[in-house]
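# Working through the structure, step by step
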Amino acid sequence: IQTTMSYPPNNMPVPGGPSGMPVPGGPGGMPPPPGGAPGGAPGQPGRDDAYFTESRKGEVNELRQLLRTFGTERDKQKKRDIMKKVIAYMTLGIDVSRLFTEMMLAIETRDLVIKKMVYLFLCNYADTHPDLAQMCTNTLVKDCGNEDPMVRGLALRSLCSLRLPQMIEYTSEPLRRSLQDGHAYVRKTGVMGILKMYHLNKEEFDKAAFNDILYEMLRDPDPSVVTNCIFVLNEIQAEVGGMALNRAVMLHLLNRIHEFSEFGILAVLDLIPRYIPANDEEGFQIMNLLDPVLKTANAGAVVATIRAFLSIATAIGKRPGDDRDADSPSVDDLSKQVVERIKAPLVTLIASGSSELSYVLLKYADQLIDLCPGIFDDEYRQFYVKYSDPTHIKHSKIRILAKLANPNTAPDIVAELGELVTDADETLGRIAVRSMTNIALNDSGGEGAVESISRRLVDMLDLQGISHVTSEAATALAALVRRNESIKPVISAPLPRALKYINEPAGKASIIFLLGECGADITEAPYALEKVIDSYDNIADASVKTALLAATVNLFFTRPPEVQHMLGRLLKKATEDMSSQDLHDRALFYYRLLRSSPDPTIAKSIISKSMAVTASQFAEEDDSELRAALMDEFNTLCTVYRCKPENFIDEENIVPFVKLPTEHPLAAAAPVVDQGVNTITDQMNGAALTDGYATAAAPQPAPSAEVDLLGFGFDDPAPAPAPPATNSLQSLSLKSNLSLSGEDYQSKWGSIPDSEAVVISGLLMASAPPSTDVVEGALSAFSVFTMASGELPTEFKFFLYAQEEESFGGCYFLIQAVALKQPSSLNLTIKPVGGDPNKQKEKVDQLVELIKSALGLC
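## Brief notes about the packing of helix α23 (residues 467-483) against helix α26 (residues 505-517)
Look at α23 against α26: their axes get within 8 Å of each other, and the N-to-C directions meet at 40 degrees. Between α23 and α26, the angle is such that the two are oblique. Crossing of α23 against α26: the hand is left-handed. Between α23 and α26, the residues in contact are Ser 471, Ala 474, Thr 475, Leu 477, Ala 478, Val 481 and Arg 482 and Ala 506, Gly 507, Ser 510, Ile 511, Phe 513 and Leu 514, respectively.

See below:
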């Protein structure tokens, strides 16, 4: 029998009471929690972890009884505790599906917390009990029309989360209604519901034409809805590289980027590498627009901006063979400018982030250093190892330090690496030696650096107590001799001594190789090798045997009398050694060549050919192809793993990288950013801006399907505007070439009190316009231009302006137009500024007639 005992017991003294006397309540004299001790019956509230305890036999039946009295229970907290207990059992894996009917009866409540738990219960058992899930379909559909937007959103999310094929017919209509809902939470939930429907039944998704609706919703006034649309479109169209892009879509999103959350900013920034700027000027304008993002503390946004900058530089930079102006910057020049700009923010984030974040940022910094060597050199002290750094951070910093060496920084960097060689971390010591060697191999330290580093490595050969350091130093010296034979006199003296105590196979093989290369300068070289030959049977590693064979044959041509007999013994043992086929074949080749060659110089020219490397790097170090592939995958796991995506992602899951658009139908000179955008956006309460606010230069024809500003692809082209009237409108002559900044617009609008504005309501429209573009094009043909426009769930909004010719008074007309979708009607608010006050009313009437004529209104 399981019993429950409260803690502390009532008769136990509690700290905090006077003289150890018991104090009522909890420890320290705290009052007991409301509703009783934790772990009590389901109707008694306590700590949340008290619900996650093993159930007693028959407790599910007790919960059933409590749920049956749920409707008559008036204590809201007790109701919640009953639900918490059910959810706790469900979380522990206990089958509480028997309570399904009682739980569904509890869904009719105004308590959002209870409703959310019931929805969770429903979604959890939908897959295993589809017949039970269908019982509550009507309730969920009904809640999708609830007056509370939170209930509507939760019900819609639960309805879509059932993921049952038979539920598709019930899901489509609530989804479609949610996309026109007046609350942003419901709309963004509906967008994610579309994605669930897509994965559940693609045929029904295509029939519902949700894809086109998602593109329309990119103009939603709420940035969180737009963010969800971007993610959903990218996933739906992953097979073709992601959502379709054109100039208007990108500029629309970039002009609103200040409205997005950090999560939304990342979604927009990830689109930019796929976008091809129309021209160089547009590319620079986009970079200027994104420059403030580099000042944020979000590392993801900064790295995404770096990738965007690099992609734009690649797109607009001059390449060899281009017929552009000779002064145009090349791709390399632009990349260097980009790396120079992002250097400070990146270094700051590396120093201030968590160890995990710093490690990833160090990987990105390493990649950028390879792309543009020399840019980060002056920040080399930021990559010094700190005592408190985790091991993986230390390793990354040491590898980067070698790439920052130049004649000015190399002495400090080599000294820093020298201090790390004897670190207790064996791997750290090895990497420090290799980094020091790379500075010498690349000859980046300036004059005398190679010899200085060689002497340091020679000193390391005598660190007998640190075997891994001596082995790495020997390997490094072997590589240096192949690259620079002039250091042989510097390193020769300690080699015979080092051969005695180096035990690691790689280090021992390197010392033997050096004895063969430097044998002419080392008196005891043949005798040192002879001792190794005598112990040939004790050598287990094939690489040591191969190095011994090559070094002995090489030394034979330098000092034949001393080496002849021991070479014969070595060849006999090597040809009989079957542990390594390569060793056996090589020994047999040497033996036959030496025996059959009439002239020893011929054998010498073949065997003792210099192993010096004249190329800039060893063949195994050439990873230029991999680095180029990794730059295309910048800001992905490829940089962290240092491999291509196909090495760790299944081929069917790799999203192709497609750059768009292939052509730019819009004018190349159209500006990316208008100075009045932000303030007008505030006036419109966050309404989405389209490309129509660009300064008007001349009357423009109405847009057709070929110049669809947001690329939504309407089936029918926009109707051509009616020609300007010649009779009743003749007295209102408007300027066809007019420019007005956002600041001027606001200043003029604010100068006229709202009480003096002319308001005209209820102008009937045959149907709501399909987009703002149609209205803007029709009005521009009549010299009424658009400052800003946007689409809200229930209406279109326009800020328009026009001006009379100076000879007719020069009156400005500032217009706010609202086109309602249902019923289709147009409301106008007009403020005339300037001109003859006595004629303003007459001219406003003429302007209204002109607008009605342009839009074909009744």
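Text resumes after the structure shown.
## Comments concerning a negative patch on the surface
Together, Glu 646, Asp 650, Glu 651 and Glu 652 line one region of the surface with negative charge. With respect to the helices and strands, the residue Glu 652 is situated in the loop between α33 (637-641) and α34 (677-683). Given a relative accessible area of 63%, Glu 652 falls into the exposed group.

## Here we look at unusual backbone geometry
Here Leu 660 and Pro 661 are connected by a cis peptide whose omega angle stands at -10 degrees. Note that Pro 661 resides in the loop between α33 and α34. If you check the backbone angles, Asp 443 has positive phi at about 55 degrees while not being a glycine. With respect to the helices, strands and loops of the structure, Asp 443 is situated in the loop between α21 (426-442) and α22 (449-460). With a phi close to 55 degrees, Arg 642 is a non-glycine residue in the positive phi region. Position of Arg 642 relative to the elements: it lies in the loop between α33 and α34. According to the relative accessible area criterion, Arg 642 is partly exposed, its value standing at 34%.

## What about the state of the cysteines?
Evaluated as defined, the whole model comprises 0 disulfides. Among the cysteines around Cys 643, which has no disulfide bond, Cys 638 carries the closest sulfur, lying 6.2 Å off. In this structure Cys 643 comes out as buried when scored by relative accessible area, which is 16%.

Rules and cut-offs
- Residues numbered from 1 in each chain as written.
- Predicted model: local features only at pLDDT ≥ 70, side-chain atom pairs only at ≥ 80, totals over all residues.
- Heavy atoms only, no water.
- Axes fitted to C-alpha atoms, helices over the stretch in contact; angles between N-to-C directions.
- Helix = DSSP H or I, 4+ residues; strand = E, 2+ residues; numbered from the N terminus.
- Parallel < 35°, antiparallel > 145°, perpendicular 65-115°, else oblique.
- Left-handed = near helix turned anticlockwise from the far one by under 90°.
- Contact = heavy atoms within 4.5 Å.
- Patch = residues over 30% accessible without salt bridge, like charges linked within 9 Å, V, L, I, M, F, W, Y side chains within 5 Å.
- Areas by Shrake-Rupley, 256 points an atom, 1.4 Å probe, with all protein chains shown as cover.
- Salt bridge = Lys/Arg side-chain N within 4 Å of Asp/Glu carboxyl O.
- Lys, Arg positive; Asp, Glu negative; His and termini not counted.
- Charge placed at Lys NZ, Arg CZ, Asp CG, Glu CD.
- Buried < 20%, exposed > 50% of the residue type's maximum accessible area, 1.4 Å probe, protein only.
- Disulfide = S-S within 2.5 Å.

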